[in-house]
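Each chain, letter by letter, is given below.
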Amino acid sequence: MSAFQEYFDESHQLVRDSVRRFVEREILPYIAEWEEAEEFPRELYRKAGAAGILGIGFPERYGGSYEGDLFAKVAASEELMRSGSGGLVAGLGSLDIGLPPVVKWAKPALRDRIVPEVLAGEKIIALAVTEPSGGSDVASLKTRAVRDGDYYRVTGSKTFITSGVRADYYTVAVRTGGEGFGGVSLLLIEKDTPGFTVSRKLKKMGWRCSDTAELFFDDCKVPVENLIGVENAGFACIMANFQSERLALALMANMTSQMALEEAMAWARQREAFGKPIGKFQVLKHRLAEMATQLEASREFTYRQAAKMAAGKSVIKEISMAKNFATDVADRITYDAVQILGGMGYMRESLVERLYRDNRILSIGGGTREVMNEIIAKQMGL
């Protein structure tokens, strides 16, 4: 039984086919242009919402579908990566990290107002945790929210926020209590809040057509009703959210590897040197075999953790391992793919050039490789 047969059923194949058609129709004809422009049209959110893509995995009562079916989300995510642009996937999918805390822990009035319009693609939501003073050390965040009657007064800043420029809503990690993880809360902050400003779009090595921004809060008055979950209990919400984000990043890494391997194999078959296709040379044949082996191991391990997550099991250690392993494999495969393509692999017109650049963020976002190892070691009792 193949991995696909074990983890995906007919309904998942329908999801995969639908998303693939969407990518072929609405994204692939324009993606090179969007990458050069370093943005994609906001209208794409609405189209993805109308196609039901944004709602996969979210409750039906808000306009979602396949609630609780993690492998429907996996299938959709993999097909979106066929766009060849990690930036587009990250930007279009910023709701997958910004919205779950709202769905799970926000007050009903806030949840009922915001979730449907985000799933419809009418509004955009972003997650804002990282700060200029530190990223992976969430327990030390400095953005302060002080209770003042029916409002919190928020002061501080965030950086490297995906969809930060054009988001309408922000799920923001703030400090409402003392030092450490016990003083962290989550607030939903709306773009038009007085005292809230967004920087220009940040320039990046990869993920070029996702917008990334710095956010500034200067005595922002945020209604107490916008508190997500319980005050000073936000750290646990953030950590729960991270598990899904790390799975998503592992999936992105594996699909990056898959596309880079496919491009390298196609090139090895058609490119000739010394009178025969370069894929006939043992050194390249063996390199491609090793790339395929590493990818297969990574993909199977990632699916296994997704299956355990779907069954409600804790995979704190294993999903950290999966993220690190998948990104290590993607580092190697994208490097080797560029090498196999030679000069063409270095050209902007080459897909592997983009995959190589986009891949670099995957072992940094959602918790760095080093932080993943700290988590793994702690779970091992070290």
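See the structure printed just above.
To start, this report covers the structure provided alongside it.

Reading the values: the criteria
- Residues numbered from 1 in each chain as written.
- Predicted model: local features only at pLDDT ≥ 70, side-chain atom pairs only at ≥ 80, totals over all residues.
- Heavy atoms only, no water.
- Helix = DSSP H or I, 4+ residues; strand = E, 2+ residues; numbered from the N terminus.
- Rg over C-alpha atoms; globule rule 2.2 N^0.38 Å.
- Buried < 20%, exposed > 50% of the residue type's maximum accessible area, 1.4 Å probe, protein only.
- Contact = heavy atoms within 4.5 Å.
- Areas by Shrake-Rupley, 256 points an atom, 1.4 Å probe, with all protein chains shown as cover.
- Lys, Arg positive; Asp, Glu negative; His and termini not counted.
- Charge placed at Lys NZ, Arg CZ, Asp CG, Glu CD.
- Polar contact = N/O pair within 3.5 Å; in protein donor to acceptor, adjacent residues only side chain to side chain.
- Core = buried A, V, L, I, M, F, W, Y, C linked by side-chain atoms within 4.5 Å.
- Salt bridge = Lys/Arg side-chain N within 4 Å of Asp/Glu carboxyl O.

**Describing the overall build of the protein chain**
Now for step 1: On a plain count of helices and strands, the protein chain comes out with 14 helices and 10 strands.
Now for step 2: Taking 382 residues into account, the globule formula puts the C-alpha radius of gyration at 21 Å, and the protein chain, at 21 Å, falls close to it.
Now for step 3: Each of the three principal axes of the protein chain carries a C-alpha extent, and together these read 80 × 50 × 40 Å.
Now for step 4: The buried share among the 382 residues of the protein chain stands at 53%.
Now for step 5: The contacts of the protein chain with a sequence gap of at least 6 include a subset with a gap of at least 24, amounting to 75%.
Now for step 6: As displayed, the protein chain offers around 17,000 Å² of accessible surface, 54% of which is attributable to carbon and sulfur atoms.
Now for step 7: Side chains of the protein chain carry 49 positive and 51 negative charges; the gap between the two charge centres is 3 Å.

**A few points about the side chain of Asn254**
Now for step 1: Structurally, the position occupied by Asn254 is in helix α10 (residues 234-270).
Now for step 2: What makes Asn254 buried here is its relative accessible area of 3%.
Now for step 3: Here the side chain of Asn254 touches Ser298 through a polar contact of 2.6 Å, side chain to side chain.
Now for step 4: A polar contact of 3.1 Å, which involves the side chain of Asn254, links it to the side chain of Thr302.
Now for step 5: With residues near it in sequence (within four places) discarded, Asn254 still touches Leu295, Ser298, Arg299, Thr302 and Ala326.

**Regarding the nonpolar core**
Now for step 1: Core analysis: the biggest nonpolar cluster contains 112 residues, and Leu88, Leu92, Leu99, Val154, Leu187 and Ile340 have the highest contact counts within it.
Now for step 2: Residue contributions to this core peak at 16 residues, all from α10.
Now for step 3: For Ile340, the contacting residues outside a window of four places in its chain are Ala264, Trp267, Ile278, Leu284, Arg287, Leu288 and Met291.

**Topic: unusual backbone geometry**
Trans peptide bonds make up the majority, and among non-glycine residues the majority have a negative phi.
Now for step 1: If you check the backbone angles, Phe160 has positive phi at about 60° while not being a glycine.
Now for step 2: Note on placement: Phe160 falls in strand β3 (residues 151-162).
Now for step 3: Residue Phe274 is not a glycine yet carries a positive backbone phi of 55°.
Now for step 4: Mapped onto the secondary structure, Phe274 falls in the loop between β9 (272-273) and β10 (276-277).
Now for step 5: Phe274 sits in the exposed class, given a relative accessible area of 80%.

**Comments concerning the environment of Arg348**
Now for step 1: Relative to the assigned elements, Arg348 resides in the loop between α12 (316-341) and α13 (351-359).
Now for step 2: Arg348 sits 316 residues away from Ala32 along the chain, and the two C-alpha atoms are 9.4 Å apart.
Now for step 3: For Arg348, the contacting residues outside a window of four places in its chain are Glu36, Arg208, Glu353 and Arg357.
Now for step 4: A distance of 3.0 Å separates the side chain of Arg348 from the side chain of Glu36, its partner in a polar contact.

**Thoughts on the pattern of salt bridges**
Now for step 1: This structure, assessed with the given rule, holds 26 salt bridges.
Now for step 2: Salt-bridge contacts for Arg299 lead to Glu296; the nearest nitrogen and oxygen are separated by 3.1 Å. Taken together, the residues span about one helical turn, with Arg299 and Glu296 both in helix α11 (residues 282-310) at a distance of 3 residues.
Now for step 3: Since its relative accessible area comes to 15%, Arg299 is described here as buried.
Now for step 4: The shortest N-O distance in the salt bridge between Asp328 and Arg369 comes to 2.5 Å. One end of the pair, Asp328, is in helix α12; the other, Arg369, is in helix α14 (residues 369-379), with 41 residues separating them in the sequence.
Now for step 5: The exposure class assigned to Asp328 is partly exposed, which follows from its relative accessible area of 29%.
Now for step 6: Using a relative accessible area of 29% as the deciding quantity, one classes Arg369 as partly exposed.
Now for step 7: One salt-bridge network, held together by shared partners, links Arg16, Asp17, Arg20, Glu78 and Glu79.

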